[in-house]
Amino acid sequence: MTKLRLSSTTDYMKLVDFFIKNDLEFDDDEAENENYVKAWEITHGGDLVAGISLSIREGMYVISGIAVDPIYRKMKIGKVLLDKAIDYVKKENGKYIILVARAPGFFKKFGFKNVPKEEEPDFFSCVGCPQNGVNCFPEVLKLELE
């Protein structure tokens, strides 16, 4: 039986393709993210089944993408990836992690809290997107690490 394999990856564009395939939206700036700092993937038999990418924007650590193939959901893979990112930011002495979540319940289970609208960073493309509040209801969340 083939096992799931967690590893660091430098192939950010492979993850972007995977994120898009799993319904995450990426604009051109995000897809060519020069602020990318670290990413991890989970493979099964050589196939990519989950991934997470971490960036720094305006001095803030940002989870710029996290996705798990639908077949592998409910296996706690998302938590494994999230823990990797949190551990990395802690080792780098980061104070918090911020993200935009279309599925905020997942992140709230692990301590992420809503950022008040007036404190949301303006670099998230969701904030000005015409679908925001119409077909899509993302939430800006933050996890304090201190």
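Quick summary incoming for the structure in this document.

All buried positions along helix α1 (residues 12–21) are accounted for by Tyr12, Leu15, Val16, Phe18 and Phe19. Projected down its long axis, α1 carries its buried residues within an arc of 165°, all on one side. Structural note: α1 exposes Asp17 and Lys21 on the side pointing more than 90 degrees away from its buried face. One or two residues past the end of α1 sits Asp23, with phi positive at roughly 70°.

What follows covers the nonpolar core. Counting 25 residues, the largest nonpolar core has Ile63, Leu81, Ile97, Phe107 and Phe112 as its most contacted members. For this core, the elements supplying multiple residues, two or more each, are β2 (36–44), β3 (47–57), β4 (60–68), α3 (77–91), β5 (96–101) and β7 (139–144). Per-element accounting of this core gives the leading share, six residues, to α3. Ignoring any residue separated from it by four or fewer positions in sequence, one finds Leu81 in contact with Leu6, Trp40, Ile42, Ala50, Gly51, Ile52, Ile66 and Ala67. Phe19, Ala39, Leu48 and Ala67 belong to the second largest nonpolar core, which has six residues in total.

About the thresholds
- Residues numbered from 1 in each chain as written.
- Predicted model: local features only at pLDDT ≥ 70, side-chain atom pairs only at ≥ 80, totals over all residues.
- Heavy atoms only, no water.
- Buried < 20%, exposed > 50% of the residue type's maximum accessible area, 1.4 Å probe, protein only.
- Helix = DSSP H or I, 4+ residues; strand = E, 2+ residues; numbered from the N terminus.
- Arc of directions from axis to C-beta.
- Core = buried A, V, L, I, M, F, W, Y, C linked by side-chain atoms within 4.5 Å.
- Contact = heavy atoms within 4.5 Å.

Remember that the coordinates give geometry; whether it matters functionally is a separate question.
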